[in-house]
Amino acid sequence: MSTVKSADGTTISYDVYGEGQPLIIVDGATAHSAVNPLNAETAKLLSDQFRTYVYDRRGRGQSTDTAPYAIQREIEDIAALIEDAGQPAIVFGWSSGSLLALDAAAAGLPISQVVAFEPPVVVDDCRPPLPTDYVEQLEAHIAAGHPDLAAELFMTAAVGLPPEMVAGMRQSPYFQPVVDVAHTISYDGRIMGTTMSGNPLPADRWTTLDVPVLVLYGDQTWPTLIPGAKAVAAHVPTATLKSVPGAEHSTTPDVLANTLREFAG
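A brief report on the enclosed structure follows. None of these values were measured; they are calculated from a predicted model. (Residues numbered from 1 in each chain as written. Predicted model: local features only at pLDDT ≥ 70, side-chain atom pairs only at ≥ 80, totals over all residues. Heavy atoms only, no water.)

## Section: the pattern of salt bridges
The full count for this structure, using the stated rule, is 13 salt bridges. Aspartate 188 serves as the salt-bridge partner of arginine 57, at 3.0 Å between the closest nitrogen and oxygen. Taken together, the residues span a long stretch of sequence, with arginine 57 in the loop between β4 (50-55) and α2 (71-85) and aspartate 188 in helix α8 (residues 185-192) at a distance of 131 residues. Of the two residues, arginine 57 and aspartate 188, neither departs from the other in class, the shared state being buried. Between aspartate 188 and arginine 60 there is a salt bridge whose closest N-O contact spans 2.8 Å. (Salt bridge = Lys/Arg side-chain N within 4 Å of Asp/Glu carboxyl O. Helix = DSSP H or I, 4+ residues; strand = E, 2+ residues; numbered from the N terminus. Buried < 20%, exposed > 50% of the residue type's maximum accessible area, 1.4 Å probe, protein only.)

## Structural notes on the packing of helix α4 (residues 134-143) against helix α5 (residues 147-158)
In contact at an axis separation of 7 Å, α4 and α5 are set at 160° when each is read in the N-to-C sense. When the axis of α4 is compared with that of α5, the two are roughly antiparallel. Judged by the sense of rotation from one axis to the other, the crossing of α4 with α5 is right-handed. Mapping the contact onto sequence places Tyr134, Gln137, Leu138, His141 and Ile142 in α4 and Pro147, Leu149, Ala150, Leu153, Phe154, Ala157 and Ala158 in α5. A per-class count over the contact of α4 with α5 returns 10 nonpolar, two polar and no charged. (Axes fitted to C-alpha atoms, helices over the stretch in contact; angles between N-to-C directions. Parallel < 35°, antiparallel > 145°, perpendicular 65-115°, else oblique. Left-handed = near helix turned anticlockwise from the far one by under 90°. Contact = heavy atoms within 4.5 Å. Nonpolar A, V, L, I, M, F, W, Y, C, P; charged D, E, K, R; others polar.)

## Details of the pairing of strand β1 (residues 2-5)
Consecutive residues of a regular strand have side chains that alternate between opposite faces of the sheet. Here β1 runs beside strand β2 (residues 11-17); their pairing, made up of four bridges, is antiparallel. Pairing of serine 2 across the sheet is with tyrosine 14, part of β2. (Pairing = 2+ DSSP bridges.)

## A short note on the sheet that holds strand β7 (residues 213-218)
Spatially, β1-β2-β4-β3-β5-β6-β7-β8 is the arrangement adopted by the eight strands of the open sheet, whose pairing is mixed. Looking at the sheet topology across the chains shown, the edges are occupied by β1 and β8 (239-244). Mean inter-strand twist for the sheet, computed between neighbouring axes without regard to direction, equals 25°. Those strands touched by helix α9 (residues 226-235) are β7 and β8, and its axis lies near 170° from that of β7. On top of the sheet, helix α10 (residues 253-264) reaches β3 (21-26), β4, β5 (89-94), β6 (111-117), β7 and β8; it is set at about 145° to β6, its chief contact.

## Details of the nonpolar core
Soluble globular proteins tend to bury their nonpolar side chains together. In terms of nonpolar packing, the biggest core is built from 63 residues, with Ile24, Tyr55, Ile78 and Tyr134 touching the most fellow members. With seven residues, α5 is the single largest residue contributor to this core. Core analysis: the next-biggest nonpolar cluster, separate from the first, contains 23 residues, Leu23, Ala40, Phe50 and Ala247 among them. (Core = buried A, V, L, I, M, F, W, Y, C linked by side-chain atoms within 4.5 Å.)

## Focus: the environment of threonine 42
Note on placement: threonine 42 falls in helix α1 (residues 38-45). Threonine 42 gets classed as buried once you look at its relative accessible area, which sits at 0%. C-alpha of threonine 42 to C-alpha of valine 54: the two residues are 12 residues apart in sequence and 9.7 Å apart in space. When neighbours within four sequence positions are excluded, threonine 42 is seen to be in contact with Pro253, Leu256 and Ala257. Within the structure, the side chain of threonine 42 is placed 2.9 Å from the backbone oxygen of leucine 38, a separation counted as a polar contact. (Polar contact = N/O pair within 3.5 Å; in protein donor to acceptor, adjacent residues only side chain to side chain.)

## Re the packing of aromatic side chains
Counted under the stated rule, the structure contains four aromatic pairs. Both rings, one in tyrosine 69 and one in tyrosine 187, keep their centres 3.9 Å apart while their planes meet at 5°; by these two values the pair is stacked. Of the two residues, tyrosine 69 is situated in the loop between β4 and α2 and tyrosine 187 in helix α8; the sequence distance between them amounts to 118 residues. Of the two residues, tyrosine 69 and tyrosine 187, both sit in the buried class. Between phenylalanine 92 and tryptophan 94, the ring centres sit 4.9 Å apart and the planes meet at 90°, which makes this aromatic pair edge-to-face. Among the aromatic residues, those joined into a cluster by ring pairs are Phe92, Trp94 and Phe117. (Phe/Tyr/Trp six-rings, centres within 6.5 Å; stacked < 30°, edge-to-face > 60°.)

## Here we look at α8
Burial runs high along α8: seven of the eight residues are buried. Among the residues of α8, those classed as buried are Ile185, Ser186, Tyr187, Asp188, Gly189, Ile191 and Met192.

Written out as structure tokens, the structure reads:
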């Protein structure tokens, strides 16, 4: 992997594929290159048209971290990647990473377009809201040396899995990778802010965006995620909403690549 230095000295590791218009893919909570091959597979399909950056968010994979955390630091990470690319970029974000992509564009970074895949906001009573002290609980578990409990809290309170299912997942090969990056789960909690409270989206968030935004949701996804995607699309003045056939809270590389080509064109 190659690296760039963020404004605070943090090393951000990335792989880059192809040539053309820069495209930066922002993972959601817990994901990074070693556990999510979908980004690289999509980038390879786009290599004839885009210069796609697949990077590890700070504190994950091969990227380093610098305390204290602030959302602005992650915006600066994206800025460092765009500077490396040398021209305005499309920024695509998965799940909570889509809110970070929107925040980066709202902060005035040289971003030409934003694609948000299933922003997991909660604006109604379709599911329980996040606890108001969600971030504090996560950080308390990490401070006490219990990243496994932080991972459990994320899976139950944020993802919405039943506790008994999460208890069974402790024995699966999918649990430890989440534990390994559990110290970063609160980062996404801070990015989500009050957007999972069951209340309308904050009036001052993203409403000044003046670049095209595409909000995607899978037509086979969890029903609780669809109202959130629709709410973001209605809230952002430059947004359009699109359903992705056959997709859940992810999709296949070919479908994603074709969707990005169509939007960028």
